Amino acid sequence: MSVLLMVITILAVLLLVFVLVYYLRGIIKLLTSIGGSGSSYLAKLRLGLRAIETETGHLPVQVTKLNGGLTKVAGGLKVVDEELKASIDAALKQKV
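These lines cover the structure that appears in this document, whether it is placed above or below. (Residues numbered from 1 in each chain as written. Predicted model: local features only at pLDDT ≥ 70, side-chain atom pairs only at ≥ 80, totals over all residues. Heavy atoms only, no water.)

### Focus: helix α2 (residues 41-55)
Test applied: In this text, helices come from DSSP runs of H or I with a minimum length of four residues, and strands from runs of E with a minimum of two, each type numbered from the N-terminal end. Expected helix span is given by 1.5 Å per residue-to-residue step, counting one fewer step than there are residues. Partly exposed describes any residue whose relative accessible area lies between the buried limit of under 20% and the exposed limit of over 50%, with all areas from a 1.4 Å probe on protein chains only and scaled to the type maximum.
A rise of 1.5 Å per residue sets the reference length of α2, with its 15 residues, at 21 Å; its end C-alpha atoms lie 21 Å apart and thus fit the reference within 8%. Burial of α2 is sparse: only 1 of the 15 residues sit out of reach of the surface.

### Focus: the environment of K72
Along the chain, K72 falls in helix α3 (residues 59-95). Judged by its relative accessible area of 69%, K72 falls in the exposed class. Through-space distance from the C-alpha of K72 to that of A43 is 45 Å; in sequence the pair is 29 residues apart.

### As for the pattern of salt bridges
Pairing between side chains becomes possible if they bear opposite charge and their charged atoms approach one another. Our working definition: When a carboxyl oxygen of Asp or Glu is within 4 Å of a side-chain nitrogen of Lys or Arg, the pair counts as a salt bridge.
One pass over the structure, following the stated rule, counts 2 salt bridges. As a salt-bridge pair, R50 and E53 come within 3.8 Å of each other at their nearest N and O atoms. Of this pair, R50 and E53 both sit in helix α2, 3 residues apart, roughly one helical turn. Here R50 matches E53 in class, with each residue exposed. Note that D81 and K85 form a salt bridge whose closest N and O atoms lie 3.6 Å from each other.

### Overview of the packing of aromatic side chains
Each aromatic ring pair is described using two quantities: the centre-to-centre distance and the angle formed by the ring planes. The condition is simple: Aromatic pairing here means that ring centres of Phe, Tyr or Trp (its six-membered ring) are within 6.5 Å. Orientation follows from the plane angle: under 30 degrees is stacked, over 60 is edge-to-face, and everything else is tilted.
Taken as a whole and assessed by the stated rule, the structure comprises 1 aromatic pair. Relative to Y23, the ring of Y22 has its centre 5.3 Å away and its plane inclined at 80 degrees; by these criteria the two rings are edge-to-face. Overall, the relative accessible area of 54% leaves Y22 in the exposed class.

Encoded structure:
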């Protein structure tokens, strides 16, 4: 009786291992079709993102320079605004 139970247990374990290997191979095959080769969608997406990263890599330096320039322009516009206010006030005083 114990020999029969041992044989059934061994067969059940072998069946379990076989089923696990079968489904694992299926999963590997599916994952390889998604991103395993150079012509897959995942590889094309990676290349596209790398190209975007390369093309936009200079932006942080340029944005810093642009912010500095825009800060100076904002200061100049404040001066222009004050001068315009003074001109409007002077024109209103002459009208009265």
